[in-house]
Amino acid sequence: MKRIAPAIHPVIAVDRGSPKALHRQIYDAYRAAILDGSLHPRQRIPSSRSLASELGVSRFPVLNAYAQLLAEGYLESRIGAGTLVSRSLPEQLTLCASSKVRFAPSSSGPRPFVHRPLLVRRESSPPWLAGWGAFGVGQVAVDQFPLNVWSSLIARRCRSMDTKSFHYGDQMGSEALRETLASYLRTARSLHCEVGQVMITSGSQHALEISARVLLDSKSSVWIEEPCYRLAREVFVLTGCHLVPVPVDQEGLDVVAGIKRCRKARAAFVTPSHQFPLGVTMSATRRFQLLDWAQRTGSWIIEDDYDAEYRYESLPIASLQGLDANARVIYIGTFSKVLFPSLRLGYVVIPPDLVDHFLAIRRAMDLGPPTFHQEVVADFIAEGHFARHLRRMRVLYSERRQVLVDSIGKELESKVKVLGDEAGMHLVVTLPNGSRDTEIAERAARQNLRIWPLSTSYLGEANSGFILGFGSTPVEEIPAAVRKFQKLLAVK
Ligand SMILES: Cc1ncc(COP(=O)(O)O)c(C=O)c1O
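Residues numbered from 1 in each chain as written. Predicted model: local features only at pLDDT ≥ 70, side-chain atom pairs only at ≥ 80, totals over all residues. Heavy atoms only, no water.

Visitor: Break down the nonpolar core for me, with residues and values.
Guide: Nonpolar side chains in soluble globular proteins generally cluster together in the buried interior. The biggest cluster of nonpolar side chains holds 71 residues, and the ones touching the most others in it are Phe 335, Tyr 397, Phe 466 and Leu 468. Counting 30 residues, the second largest nonpolar core, distinct from the first, contains Ile 224, Val 235, Ile 332 and Leu 354. (Core = buried A, V, L, I, M, F, W, Y, C linked by side-chain atoms within 4.5 Å. Buried < 20%, exposed > 50% of the residue type's maximum accessible area, 1.4 Å probe, protein only.)

Visitor: Which residues make up the site of the ligand, and what are the values?
Guide: Close contacts around the ligand come from Gly 203, Ser 204, Gln 205, Tyr 229, Phe 276, Asp 304, Tyr 306, Thr 334, Ser 336, Lys 337 and Arg 344, and that covers them all. Thr 334 has a polar side-chain atom sitting 2.6 Å from an oxygen atom of the ligand. A distance of 2.6 Å separates an oxygen atom of the ligand from a polar atom in the side chain of Ser 336. In the complex, the protein chains occlude 92% of the 400 Å² of accessible area that the ligand would expose alone. Sort the elements by how many residues they give to the shell around the ligand and helix H8 (residues 203-215) lands first, with three residues. Residue classes in the shell around the ligand are distributed as three nonpolar, five polar and three charged. (Near = heavy atom within 4 Å. Polar contact = N/O pair within 3.5 Å; in protein donor to acceptor, adjacent residues only side chain to side chain. Areas by Shrake-Rupley, 256 points an atom, 1.4 Å probe, with all protein chains shown as cover. Helix = DSSP H or I, 4+ residues; strand = E, 2+ residues; numbered from the N terminus. Nonpolar A, V, L, I, M, F, W, Y, C, P; charged D, E, K, R; others polar.)

Visitor: Which residues make up unusual backbone geometry, and what values go with them?
Guide: Leaving glycine out, the prevailing phi sign among residues is negative, and the prevailing peptide bond configuration is trans. A cis amide bond links Glu 226 to the next residue, Pro 227, at an omega of 5°. Note that Pro 227 resides in the loop between strand S4 (221-226) and helix H9 (230-239). For the bond from Phe 276 to Pro 277, the omega torsion is 10°, close enough to zero to count as cis. Among the secondary structure elements, Pro 277 is positioned in the loop between strand S7 (267-270) and helix H11 (284-297). Here Phe 135, not a glycine, exhibits a phi torsion of approximately 70°, which is positive. Residue placement: Phe 135 occurs in the loop between helix H4 (92-102) and helix H5 (147-159). In this structure, Arg 344 takes a positive phi of about 50° despite not being glycine. Topologically, Arg 344 is positioned in the loop between strand S9 (329-334) and strand S10 (346-349).

Visitor: Hey, could you go over the pattern of salt bridges for me, with residue numbers and the actual values?
Guide: Scanning all chains against the criterion turns up 20 salt bridges. Taking the shortest distance from any N to any O, the salt bridge between Asp 366 and Arg 362 comes out at 2.6 Å. Here Arg 362 and Asp 366 lie together in helix H12 (residues 355-366), a separation of four residues that amounts to about one turn. Between Asp 421 and Arg 401 there is a salt bridge, and its shortest N-O distance comes to 3.8 Å. Within this pair, whereas Asp 421 is found in the loop between strand S11 (417-419) and strand S12 (426-430), its partner Arg 401 is found in helix H14 (residues 385-412), the two being separated by 20 residues in sequence. Note on accessibility: Asp 421 and Arg 401 belong to one class, buried. Several salt bridges share partner residues, and in doing so they unite Arg 156, Arg 157, Glu 375, Asp 379 and Glu 383 into one network. (Salt bridge = Lys/Arg side-chain N within 4 Å of Asp/Glu carboxyl O.)

Visitor: Which residues make up helix H16 (residues 478-490), and what values do they have?
Guide: End to end, H16 covers 18 Å across 13 residues, agreeing with the expected 18 Å (1.5 Å per residue, within 8%). Within H16, burial applies to Ile 478, Ala 481, Val 482, Phe 485, Gln 486, Leu 488 and Leu 489. Burial along H16 is one-sided: seen end-on, the buried residues are contained in an arc of 160°. Buried residues in H16 make contact with H14, S12, helix H15 (437-446) and strand S14 (465-469). (Expected span 1.5 Å × (residues − 1). Arc of directions from axis to C-beta. Contact = heavy atoms within 4.5 Å.)

Visitor: Explain the sheet that holds strand S6 (residues 252-253) to me, and be specific about the residues and the numbers.
Guide: What the eight strands build is an open sheet, ordered S3-S10-S9-S8-S7-S4-S5-S6; its pairing is mixed. Taken across any chain shown, the strands that pair with only one partner, and hence form the sheet edges, are strand S3 (198-201) and S6. Alignment of S3 against S10, held across four bridges, turns out to be antiparallel. Bridge assignment links Met 199 to a residue of S10, and that residue is Val 348. Packed on one face of the sheet, H8 meets S3, S7, strand S8 (300-304), S9 and S10 and runs near 160° to S9. (Pairing = 2+ DSSP bridges. Axes fitted to C-alpha atoms, helices over the stretch in contact; angles between N-to-C directions.)

Visitor: Can you lay out the environment of Arg 87 for me, pointing to particular residues and giving the numbers?
Guide: Considering the arrangement of structural elements, one finds Arg 87 in the loop between strand S2 (82-85) and H4. For Arg 87, a relative accessible area of 42% translates into the label partly exposed. Taking the C-alpha atoms as reference points, Arg 87 and Pro 41, 46 residues apart in sequence, are found 4.8 Å from one another. In this structure, Arg 87 is in contact with Pro 41, Arg 42, Glu 76 and Arg 78, ignoring residues within four places of it in sequence. In terms of polar contacts, Arg 87 uses its side chain to reach the side chain of Glu 76, at 3.1 Å.

Right under this line is the structure:
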């Protein structure tokens, strides 16, 4: 027989000294909780035995109260599901309306808050970000993830949990994962990196937030790439920084232009391996110019290496941090592209003299990352599954990218220009300036194409175009999706 999970007890106070009968007190408390919305339609209520024990009363008053609530339609009984709050409630509308009035902000005096959040996007997700669909940016091939291996590693970790596993973990992150990562980053990304410099975070966004709190004051000037990864930009806005957009050309961030605009910026945020969104790789000359600028001006470089593992035309490019002889680069990475985004695991490699500062901020923010999945990822890497998965994904994404480039060439010929397809999981198609990419992206989303309008990545004068992810779109679906895209572009 299916077991019914115990329900959560609502807050009910019974007063034995009251002249009101116990069953009436329970009835009134439930009725009030149902009508003011504290208990929702379909919510399960505790068994009479459990509630009686919680309240320290006999079952009779509870049974009486439940019987009356059932008779009046506040509760309903369903076989296999126990007793639930009724789906159609009497008096609901009138009383809910009055409870709304009770919470109306106009009646509650001054309501001060910080104004910075108003500077970043407040509207609900634009349609190209909502949901799953062809060309979704940042979406990975989830159907290819080795779930059987993953679940066996999870089960094994569960079985081996001991007292220590239940307590707070290391605030820098699990030692096992940091060791494995440090070794991976030294080998695969040429980083200067000891395990003591690696901090595990909740995705690279969190790593960036901690870095901003350590390095930047309100009003610090920060170079950002133009166009830029919007969520990174928003971290600097929320810190109160002065943003200095620096143009990106076919060699990456134009360092000379940055120096002209604001030589003494406190930091530069860059994506040198695969610029987001344009996809260019920063040239060696620009890398040395940037490092030289940082050293001369005492500035920091924040390197976001979000998808460097995927390169199709050449071997992965070494990180900028690996070229830095002066410990001026804060290196940020993520498992969102190489495993999956809901894992929310990223990392930051911190210059040795800043580790204590990062740790102090981290401690105040969240006391350290959740431990369980870090250890599963450490096992996944240490036992060779990660390297195998990466190899498979490189082949798969390379194929998807090729079919996408070919389909664009066939369907759109010279109408668009393709950029940044040598690496990563997205490419860019540019449109003639003045084209309304956001409008097209909205219409595309209605047809389940999640193309991102390029113009939204710019702070200043924007170019038009689209960012097309190919991570989650199977090869056989790409030509039809490109034809749909072509038709959308053809509509005047
Ligand atoms: C430039 C860039 N950085 C980082 C990320 C990943 O962020 P997170 O690790 O917070 O999922 C993305 C995701 O699309 C990105 O485009």
